[in-house]
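Below, each chain spelled out in residue letters.
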Amino acid sequence: MPGPGTNNPPRPADSYFTAAELIEDAFNRMNESVWGYVAGGAESETSKRRNRDALDSWAFRARILRRVDKVETSSTLLGSKLRIPVLFAPMGSMDVFVDGGGAAGVEAACRFGTLPILSSVTPPGIEATAKSHPGDKWFQLYIRGDDAWIFDMVRQVRQAGYKALLLTVDTAVYSIRERQIAQRWLPPTKRGDQGPEYQAMFDWDTAARIKDMAGIPVFLKGIQTAEDAEISMQRGFDAIYVSNHGGRQLDHSLGTLDILPEIVEAAKGRVPVIVDGAVSRGSDVVKALALGASAVGVGRLQAYALAAAGVEGGMRLLEIFEKEIVTTMALLGARSLGELNASLLRAVPPPSNPDGPFPHLPAHIRL
Ligand SMILES: Cc1cc2nc3c(=O)[nH]c(=O)nc-3n(C[C@H](O)[C@H](O)[C@H](O)COP(=O)(O)O)c2cc1C
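Just so you know, these numbers come straight off a predicted model, no measurement behind them.

Let's talk about the nonpolar core
No. 1: Residues Phe97, Trp138, Leu165, Ile240 and Leu340 are the most contacted members of the largest nonpolar core, which totals 114 residues.
No. 2: For this core, the leading source of residues is helix H13 (residues 300-332), giving 17 residues.
No. 3: Other than its neighbours up to four places away in sequence, leucine 165 contacts Phe139, Leu141, Val154, Val157, Ile210, Ala214, Ile216, Pro217, Val218 and Phe219.

Here is the structure:
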């Protein structure tokens, strides 16, 4: 069902043919504060813009005559099967834009056949969300308490059957988000925020203790340098998640696709690398995989799809991604994800597309 704050009747999900149509509908259903929360970034929003620019700074080198009548988009990541290599990234306070909050995103991804990542700061919580669908799902934790608090959270996550635990490491402090400040608005989970000091005190030793106690794969979300990727592998973390939080935390970061190559080089195939940031189209997914990622995360677009048309909207977004991935791969001459590699790309000067990924959207909504 469409997000809270609207009385418009829902549209059938199959009436949306592009992600832009979902975004425009989400814009019309969200009030200004909620739109600002989802769409906004930190300070000047340079990191957010760079994420897009980095994706637009690669052009394809298409290969021809390769019999692409069958294109395979499925893969396996840490033991979970993915119909497409697109994950639903964790988002806090999802109840402000979709009924059911985090459970709606989890249900959409699971029903489609990919992995959702539930944020620890969105209702309805660890157990209720796990019950929304039996499919594989991951959990993302912000540290909000002492070792006893952490231990209890990790126990609940494991008991509820989540297959992996992500620790977000780009949020030592909450950034300065000027769209939210302009609205004098904070997401519900930030109002009377409990224990932000624990996130600021979070360090490698605490992360390693969590890894030791978890009993499921654990890794860090928000790695931005080869140096930290190397430490994370030496400490035994099971994957690397490259992210700058969608440009919502440290302003003036590199775009994540500009970071990805150094991380992939450092990883040397030892652990899977996941990346997110401005992924909006199948071509973006294909570029990230060609540069060595195993999967990508999608944040804001997931929010827009859920806000527009609830669980069905989330599934529709993934169907649109699937069609775009297959089309891009076929035109590129790649029959499976394993055939994607850097020889299919060439770096071009940014920003090649000032109108963003959806040039047909009205100018005030463009991402
Ligand atoms: C509304 C919103 C809330 C978010 N909340 C969280 C969160 O609770 N935990 C987290 O690790 N990342 C959070 N993120 C970051 C996303 O997981 C992801 O890294 C980012 O959105 C990717 O960029 P994109 O939005 O351009 O796809 C949030 C992002 C958005 C848009």
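Side note on the site of the ligand
No. 1: Residues in close proximity to the ligand total 22 residues, the closest being Pro90, Ser119, Thr168, Asp276 and Ala278.
No. 2: Within the backbone of alanine 278, one N or O atom sits 2.8 Å away from an oxygen atom of the ligand.
No. 3: A distance of 2.8 Å separates an oxygen atom of the ligand from a polar atom in the backbone of arginine 300.
No. 4: Burial of the ligand by the protein chains amounts to 97% of its free accessible area of 600 Å².
No. 5: Split by residue class, the shell around the ligand holds nine nonpolar, nine polar and four charged.

Some details on the packing of aromatic side chains
No. 1: Summed over all chains, the structure comprises six aromatic pairs.
No. 2: Each ring, one from tryptophan 35 and one from tyrosine 304, has its centre 4.9 Å from the other, and the planes form 25°; the classification is stacked. Of this pair, tryptophan 35 sits in helix H2 (residues 32-39) while tyrosine 304 sits in helix H13, and the two are 269 residues apart along the sequence. Across the pair, tyrosine 304 and tryptophan 35 agree in class, each one buried.

Considering the pairing of strand S11 (residues 295-298)
Each regular strand displays side chains that alternate between the two surfaces of the sheet.
No. 1: Burial along S11 is two-sided: Ala295 and Gly297 and Val296 and Val298, pointing in opposite directions, are all buried.
No. 2: Taken together, the three bridges between strand S4 (residues 86-88) and S11 define a ladder with parallel strand orientation. Within S11, the residue paired with valine 86 across the bridge is valine 296.
No. 3: Judged from the three bridges that link them, strand S10 (residues 273-276) and S11 form a sheet pairing that is parallel. Its bridge partner lying in S11, aspartate 276 is registered against glycine 297.
No. 4: The β-α-β motif built from S10, the intervening helix H12 (residues 282-290) and the parallel element S11 has right-handed crossover chirality.

Points about unusual backbone geometry
No. 1: That bond from proline 123 to proline 124 is cis: its omega, 5°, falls within 30 degrees of zero.
No. 2: Structurally, the position occupied by proline 124 is in the loop between strand S5 (117-119) and helix H5 (126-130).
No. 3: Of note in the backbone geometry, serine 93 takes a positive phi value of approximately 50° without being a glycine.
No. 4: Take serine 93: it is sitting in the loop between S4 and helix H4 (102-112).
No. 5: Residue histidine 252 is not a glycine yet carries a positive backbone phi of 65°.
No. 6: Here histidine 252 shows up in the loop between strand S9 (240-242) and helix H11 (256-267).

Basis of the calculations
Residues numbered from 1 in each chain as written. Predicted model: local features only at pLDDT ≥ 70, side-chain atom pairs only at ≥ 80, totals over all residues. Heavy atoms only, no water. Core = buried A, V, L, I, M, F, W, Y, C linked by side-chain atoms within 4.5 Å. Buried < 20%, exposed > 50% of the residue type's maximum accessible area, 1.4 Å probe, protein only. Helix = DSSP H or I, 4+ residues; strand = E, 2+ residues; numbered from the N terminus. Contact = heavy atoms within 4.5 Å. Near = heavy atom within 4 Å. Polar contact = N/O pair within 3.5 Å; in protein donor to acceptor, adjacent residues only side chain to side chain. Areas by Shrake-Rupley, 256 points an atom, 1.4 Å probe, with all protein chains shown as cover. Nonpolar A, V, L, I, M, F, W, Y, C, P; charged D, E, K, R; others polar. Phe/Tyr/Trp six-rings, centres within 6.5 Å; stacked < 30°, edge-to-face > 60°. Pairing = 2+ DSSP bridges. Right-handed = clockwise from strand over helix to strand, strands pointing away.

Just distances and angles here, no functional claims.
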